[in-house]
Amino acid sequence: MRLHAVTRAQATALRSVRNGSSLARSCQLRCLSTSVLRPICSPKGTVQVQWQGRRWQSGAAAAVLEKATEDPSTLAQETIIENLDPKEAARLSRVRNIGIAAHIDSGKTTATERVLFYTGRINSIHEVRGRDAVGAKMDSMELEREKGITIQSAATYCDWKKVENGVEETYSINLIDTPGHIDFTIEVERALRVLDGAVMILCAVSGVQSQTITVDRQMRRYNVPRISFINKMDRMGANPFKAVDQINQKLRMPAAALQVPIGSEDQLKGVVDIIRMKAIYCEGPKGITVVEKDEIPEECVAIAKERRAKLIETLADVDDEMAEMFLDEVEPSVEQIKAAIRRATIALKFTPVLMGSALADTAIQPMLDAVCDYLPNPAEVENLALDRRRKEAPVKLVSYNSLPFVGLAFKLEESNFGQLTYIRVYQGSMKKGMNIFNARNDKKIRIPRIVRMHSNEMEEVPEIGAGEICAVFGVDCASGDTFTDGQLQYSMTSMFVPEPVISLSIKPKNSKESNNFSKAMNRFQREDPTFRVHVDAESQETIISGMGELHLDIYVERMRREYKVDCETGQPQVAYRETITQHVPFDHLLKKQTGGAGDYARVVGWLEPTGDMGKNVYESQVTGGHISEKFLFACEKGFMASCEKGPLLGHRVLGTAMVINDGATHMTDSSEQAFKTATQQAFRKAFAAGSPQVLEPLMKTTITAPNEFQGNIVGLLNKRNAVINETEIGPEDFTLYADCSLNSMFGFSSLLRAATQGKGEFSMEFSHYNPAPPQLQKELEAKYAKQQAARNKK
Ligand SMILES: Nc1nc2c(ncn2[C@@H]2O[C@H](COP(=O)(O)OP(=O)(O)OP(=O)(O)O)[C@@H](O)[C@H]2O)c(=O)[nH]1
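Keep in mind that what you see is a predicted model, and the values were worked out from it rather than measured.

## Observations concerning the side chain of Thr756
And then number 1: By the element assignment, Thr756 lies in the loop between helix H20 (748-755) and strand S41 (761-771).
And then number 2: Its relative accessible area of 0% is what places Thr756 among the buried residues.
And then number 3: Within polar-contact distance, the side chain of Thr756 engages the backbone nitrogen of Gly760 at 2.9 Å.
And then number 4: Thr756 has contacts with Ala705, Phe709 and Ile713, leaving out every residue within four places of it along the chain.

This is the structure:
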């Protein structure tokens with residue numbers, strides 16, 4: 001699309017056309033030569049703009065043109081939003097980008113396996129930890145198959161043929177299966193960042209579990225609409241309506257069932273669609289054939305009617321149109337109910353609840369229909385970028401192939417063929433061989449190969465359209481980078497990356513393997529922003545940090561399997577932080593001038609708390625050239641280096657600002673190194689005088705267990721000085737929300753197991769850094785001082 005064809009002169013001329021001025025004729029002639037955006041003058045002298053098959057009248061046309069002269073992209077965005085091109089709109093209406101997220105072991109991977117089978121992506125079904133020892137398609141890593149857990153999210157795509165009123169419509173679904181365990185939470189974060197909708201799976205017996213609450217929080221963070229699927233309806237004690245109540249109460253998300261089960265537990269036969277009042281059975285091998293019957297089993301009629309009324313009532317609470325009908329006592333039609341569900345789901349006000357059993361091959365297909373019916377297509381989701389040319393003003397991105405390209409790299413993965421970068425294309429299309437530009441550094445990159453991922457397999461494609469997800473080879477970038485066509489100066493906000501909270505020292509058992517060791521470390525770090533590696537300057541130990549013990553264990557294990565490096569690891573350590581609490585002025589002189597080239601640097605300023613634990617701040621307020629730019633830069637470096645290793649425990653410094661406002665330089669003895677060292681020395685002294693404080697990670701902890709164990713758990717938490725924020729007591733289970741220090745939670749899982757006969761479960765998520773209790777700070781400081789002394793002795 002060449003909107004640039006409209007020049008400022010043409011636009012001015014067009015405005016005069018609208019005003020009936022004499023420029024009309026020449027303008028008409030000139031503008032006719034622009035083939036894409038074609039202004040036309042009517043005999044009356046009003047202006048029309050013809051663009052992508054539609055005509056824009058006078059005032060609107062002039063406004064559109066006016067914008068075009070300022071910024072071609074604005075014209076494109078706004079015009080399209082008001083005027084969807086029917087062809088593009090039709091393509092997009094059949095695209096769904098969805099993720100599956102849930103508590104550990106709810107059946108995400110098992111359900112995804114059915115989705116792939118029913119959509120024809122795979123020919124047979126293999127179970128997670130199945131007897132055939134093949135493992136589910138989406139758990140492609142050996143370790144995942146062995147442990148039966150998902151570690152990395154896996155992307156795939158499939159086509160679902162949805163039949164409605166006898167008409168078949170094909171939907172393209174890009175699907176990401178995410179891990180359930182909190183330690184791999186970055187996988188959920190980055191998937192949700194780029195997806196338009198999600199399926200939240202719950203266990204029919206356990207309902208809302210601790211990790212469901214975390215997933216709910218993540219979905220809210222990225223405004224991701226969701227449908228809910230209650231799985232494991234074949235299990236003893238399955239109670240879908242209890243789960244629906246829990247979504248309403250524990251997640252505070254209005255929810256209502258769209259189905260009721262036919263039969264229960266091992267006698268589960270199918271579901272009743274209570275909107276259309278039809279019975280649905282999945283027959284044939286692996287439930288491949290969906291059979292719909294008008295006749296509803298007698299025992300289901302009453303509950304289906306009751307639940308239908310409840311659905312309409314819940315919708316009336318969240319949707320105005322439905323509310324009106326409800327008040328007027330008008331019975332809504334099937335179409336009206338479905339439209340209200342769609343509206344409310346996309347508006348994040350409601351979640352429709354479906355049910356079935358992935359393992360028993362029951363009612364997965366209606367869940368796929370619901371994905372198409374109720375989750376948004378890429379055009380229905382507001383995706384914003386920041387326009388760097390216009391002071392980071394937000395701009396809407398529109399999933400049109402014809403617009404300039406904008407994409408986000410959300411995940412990197414090392415494959416046998418080189419680095420694979422997953423990209424969500426938000427606008428425009430990406431073609432093989434095309435050049436794209438990294439918005440972070442304006443680096444031009446040619447796209448050599450585009451593939452669509454199917455777990456660990458890939459299919460090469462020449463082009464990928466707007467609103468889709470793909471992976472590309474040979475693109476060197478970081479996770480979260482934005483790419484554009486080079487014309488647009490857009491960048492997109494990245495995902496939330498939680499701080500690592502646990503660290504341990506690691507080294508290869510055999511020093512010959514250090515080459516492979518560093519290769520593995522580099523790769524893991526690039527792929528996973530929550531996995532960090534650094535070498536401690538004093539001990540020379542390699543320290544890895546991550547989200548939890550399992551997270552780090554998995555990397556140690558992957559090192560052994562994928563890189564053949566056996567490692568020795570130290571005890572897991574909490575990642576503490578250090579800060580100061582007071583304003584401290586300093587005036588420090590570094591002077592060594594005894595023979596030969598000397599060192600001279602004087603720095604004056606102050607150290608103070610920033611009040612924000614997010615970052616450290618360095619500022620120079622030096623005037624009059626007492627310290628040159630070059631040396632000030634060295635001071636900044638000295639400050640940053642000091643923050644890497646705090647004086648109290650050797651952990652990172654947070655929330656500290658250094659201002660340098662004066663100093664002195666010597667003609668010959670001053671150097672960058674001297675200023676860097678002087679700053680570091682000044683920092684140490686001032687830090688010690690600023691009532692330094694050790695900070696410890698505080699974890700948002702959610703514990704669920706049967707009610708009879710509440711006393712035991714409160715006892716356990718009290719011993720750990722946890723702050724209990726809220727307790728919700730249900731008919732059988734209770735959920736407790738607490739803030740606990742990570743330090744006090746080591747070994748908590750076995751204590752919880754013992755205190756609840758194995759029935760309790762918990763999840764922890766980093767919340768913020770909190771001052772450590774004085775006693776703990778004393779102990780930690782003493783331990784560190786001892787280590788330092790021992791090291792100095794050596
Ligand atoms: N009874 C029953 N078991 C199921 C059902 N779906 C899954 N399972 C079992 O539950 C266990 C966990 O299933 P997965 O599919 O690995 O669950 P997941 O949510 O992907 O697990 P993570 O990714 O590790 O969190 C496996 O043993 C499955 O066989 C179901 O519908 N009924």
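## Some words on the pattern of salt bridges
And then number 1: For the structure on display, the rule yields 32 salt bridges.
And then number 2: Close ionic contact of Arg220 with Asp216 constitutes a salt bridge, the shortest N to O distance being 3.1 Å. Placement of the pair is Arg220 and Asp216 together in helix H9 (residues 210-221), with a separation of four residues, close to one helical turn.
And then number 3: Of the charged contacts in the structure, one is a salt bridge between Glu562 and Arg558, with a shortest N-O distance of 2.9 Å. With a gap of four residues between them, Glu562 and Arg558 both fall in helix H16 (residues 549-563), about one helical turn apart.

## A few points about the confidence of the model for the chain
Note that predicted coordinates carrying low pLDDT should not be read in detail.
And then number 1: Chain-level statistics for the chain give a pLDDT mean of 82 and a share of 85% at 70 or above.
And then number 2: When the criterion is pLDDT under 50, residues 1-10 qualifies, and its contacts beyond four places in sequence or with other chains add up to 26 contacts.

## A closer look at the layout of surface pockets
And then number 1: The volume enclosed by the second largest pocket comes to roughly 1,000 Å³.
And then number 2: As for the second largest pocket, its lining consists of 35 residues, of which Ser503, Asp536, Ile543, Gly650 and His651 are closest to the centre.
And then number 3: Of all elements in the fold, only strand S28 (502-508), strand S29 (532-535), strand S30 (542-546), strand S32 (573-574) and helix H21 (774-793) reach the threshold of two or more residues within the lining of the second largest pocket.
And then number 4: Counting residues per element, the lining of the second largest pocket draws most heavily on H21, which supplies six residues.
And then number 5: Among the residues making up the lining of the second largest pocket, the classes are represented as 13 nonpolar, 13 polar and nine charged.

## Points about the packing of helix H15 (residues 514-527) against H16
And then number 1: The geometry of H15 relative to H16 is characterised by a closest axis approach of 11 Å and an angle of 125 degrees between their N-to-C directions. One element, H15, and the other, H16, form an angle in the oblique class. The handedness of the crossing between H15 and H16 is right-handed. On the side of H15, the interface is formed by Asn516, Phe517, Lys519, Ala520, Met521, Arg523, Phe524 and Glu527, while H16 contributes Tyr555, Arg558, Met559, Glu562 and Tyr563.
And then number 2: A per-class count over the contact of H15 with H16 returns seven nonpolar, one polar and five charged.

## Describing empty space enclosed by the protein
And then number 1: Within the structure shown, the criterion is met by two cavities of 30 Å³ or more.
And then number 2: If you add up the space inside the second largest cavity, you get close to 60 Å³.
And then number 3: If you go around the second largest cavity, the residues you meet are Ala155, Thr156, Tyr157, Asn174, Tyr422, Arg452, Met453, Ile469, Cys470 and Ala471.
And then number 4: Those elements that place two or more of their residues in the lining of the second largest cavity are strand S5 (154-164), strand S22 (449-454) and strand S25 (469-473).
And then number 5: Across the lining of the second largest cavity, the residue classes tally to seven nonpolar, two polar and one charged.

## Side note on the nonpolar core
A general feature of soluble globular proteins is that nonpolar side chains tend to end up buried together.
And then number 1: Met559, Val603, Ile660 and Leu717 are the most contacted members of the largest nonpolar core, which has 74 residues in total.
And then number 2: Counting residues per element, this core draws most heavily on helix H18 (residues 672-689), at seven residues.
And then number 3: Ignoring anything within four residues of it in the chain, the contact list for Leu717 reads Ile703, Ala722, Ile724, Leu736, Ala738, Cys740 and Phe748.
And then number 4: Core analysis: the next-biggest nonpolar cluster, separate from the first, contains 43 residues, Phe229, Leu354, Ala358 and Cys372 among them.

## Notes on unusual backbone geometry
And then number 1: Even without a glycine there, the phi angle at Lys286 is positive, about 55 degrees.
And then number 2: Judged by its relative accessible area of 35%, Lys286 falls in the partly exposed class.
And then number 3: Within the chain, Leu348 stands out as a residue other than glycine whose phi angle is a positive 65 degrees.
And then number 4: Turning to its location among the elements, Leu348 is positioned in the loop between helix H13 (334-346) and strand S14 (351-355).
And then number 5: You can call Leu348 partly exposed: its relative accessible area is 32%.

Calculation notes
Residues numbered from 1 in each chain as written. Predicted model: local features only at pLDDT ≥ 70, side-chain atom pairs only at ≥ 80, totals over all residues. Heavy atoms only, no water. Helix = DSSP H or I, 4+ residues; strand = E, 2+ residues; numbered from the N terminus. Buried < 20%, exposed > 50% of the residue type's maximum accessible area, 1.4 Å probe, protein only. Polar contact = N/O pair within 3.5 Å; in protein donor to acceptor, adjacent residues only side chain to side chain. Contact = heavy atoms within 4.5 Å. Salt bridge = Lys/Arg side-chain N within 4 Å of Asp/Glu carboxyl O. pLDDT = per-residue confidence, 0-100. 1 Å grid on protein atoms, 1.4 Å probe; cavity = no way out; pocket = protein on both sides within 12 Å on 5 of 7 lines; lining within 4 Å. Points joined across faces, edges and corners; volume = space filled by probe spheres on them. Nonpolar A, V, L, I, M, F, W, Y, C, P; charged D, E, K, R; others polar. Axes fitted to C-alpha atoms, helices over the stretch in contact; angles between N-to-C directions. Parallel < 35°, antiparallel > 145°, perpendicular 65-115°, else oblique. Left-handed = near helix turned anticlockwise from the far one by under 90°. Core = buried A, V, L, I, M, F, W, Y, C linked by side-chain atoms within 4.5 Å.

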